[in-house]
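Summary of the model geometry
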Amino acid sequence: QVQLVQSGGGLVPPGGSLKLSCVVSGGPLSKYAMGWFRQAPGADREFVAAITSSGTPYYADFVKGRFTISRDNAENTAYLQLNNLRVEDTAIYFCAADWGYFGDDLKEYDNWGQGTQVTVSS
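Residues numbered from 1 in each chain as written. Predicted model: local features only at pLDDT ≥ 70, side-chain atom pairs only at ≥ 80, totals over all residues. Heavy atoms only, no water.

We now examine the overall build of the chain. Looking only at helices and strands, one finds 0 helices and 11 strands in the chain. Starting at the N terminus and ending at the C terminus, the chain contains elements arranged as β-β-β-β-β-β-β-β-β-β-β. In terms of overall dimensions, the chain is globule-like: its C-alpha atoms have a radius of gyration of 13 Å, near the 14 Å expected for 122 residues. Taken along the three principal axes of its C-alpha coordinates, the chain extends 40 × 25 × 25 Å. Element-wise, carbon and sulfur atoms account for 48% of the exposed surface of the chain, whose accessible area totals about 5,900 Å². Averaged over its 9 positive side-chain charges, the chain has a centre that lies 5 Å from the centre of its 12 negative ones. (Helix = DSSP H or I, 4+ residues; strand = E, 2+ residues; numbered from the N terminus. Rg over C-alpha atoms; globule rule 2.2 N^0.38 Å. Areas by Shrake-Rupley, 256 points an atom, 1.4 Å probe, with all protein chains shown as cover. Lys, Arg positive; Asp, Glu negative; His and termini not counted. Charge placed at Lys NZ, Arg CZ, Asp CG, Glu CD.)

Turning next to the pattern of salt bridges. If you walk through the whole model with that rule in mind, you get 4 salt bridges. Ionic pairing is found between Arg 38 and Glu 46, a salt bridge with its closest N-O pair at 2.7 Å. On the basis of relative accessible area, Arg 38 is assigned to the buried category, the value being 7%. Here Lys 107 ties to Asp 105 by a salt bridge, and the two come within 3.1 Å at their closest N and O atoms. Judged by its relative accessible area of 66%, Lys 107 is exposed. Judged by relative accessible area, Asp 105 falls into the partly exposed class, the value being 23%. Members of the salt-bridge network, linked through shared partners, are Arg 38, Glu 46, Arg 66 and Asp 89. (Salt bridge = Lys/Arg side-chain N within 4 Å of Asp/Glu carboxyl O. Buried < 20%, exposed > 50% of the residue type's maximum accessible area, 1.4 Å probe, protein only.)

One non-glycine residue, Lys 64, lies in positive phi territory at about 50°. Its location among the elements puts Lys 64 in the loop between strand 6 (57-59) and strand 7 (67-72). Positive phi values are uncommon outside glycine, yet Asn 76 reaches one of about 55°. Mapped onto the fold, Asn 76 is located in the loop between strand 7 and strand 8 (77-82).

Per the stated rule, a full pass over the model turns up 9 aromatic pairs. Note on Tyr 101 and Tyr 109: the rings are 5.5 Å apart at their centroids and 90° apart in plane angle, and the pair reads as edge-to-face. Grouped by ring-pair contacts, the aromatic residues Phe 37, Phe 47, Tyr 58, Phe 94, Tyr 101, Phe 102, Tyr 109 and Trp 112 constitute a single cluster. Its guanidinium or amino end placed over the ring of Tyr 79, Lys 19 lies 4.5 Å from that ring's centre, counting from NZ or CZ. Directly above the aromatic system of Phe 94 lies the positively charged group of Arg 45, at a separation of 3.6 Å from the ring centroid. (Phe/Tyr/Trp six-rings, centres within 6.5 Å; stacked < 30°, edge-to-face > 60°. Lys NZ or Arg CZ within 6 Å of the ring centre and 35° of its normal.)

So, about the nonpolar core. One finds Met 34, Leu 80, Leu 82 and Tyr 93 to be the most contacted residues of the largest nonpolar core, which totals 33 residues. Of all the secondary structure elements, the ones that give two or more residues to this core are strand 3 (18-25), strand 4 (33-39), strand 5 (46-51), strand 7, strand 8, strand 9 (91-98) and strand 11 (116-120). In this view, Leu 80 contacts Leu 18, Lys 19, Leu 20, Trp 36, Val 48, Ala 49, Phe 67, Thr 68, Ile 69 and Tyr 93; residues no more than four positions away in its chain are not counted. (Core = buried A, V, L, I, M, F, W, Y, C linked by side-chain atoms within 4.5 Å. Contact = heavy atoms within 4.5 Å.)

Okay, here's the thing in structure tokens:
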């Protein structure tokens, strides 16, 4: 079991950018696949992006080149760069880590961050 601590959310206007961070402690990040999910008010939590332990990314279709997932294993940190944000991107964003699973099924991830609010509004 590892601990995930998130930072980097906030309020931005449409078209703005944010970079979310997820620091992992209690284990080497290099052993874990990482995922990012989001949950809008009244909606289910949904997959945004994932990255393998070696750095191969995978994105939800709605990302369409706007978001970039990355990782720095030396810093035990995963990132989600959000560009060209839209009002509909408003949600709580969660990072997740798993030792043996890589993909978009949130039920398979064993370790979760506390969530960070992203609000896109003019």
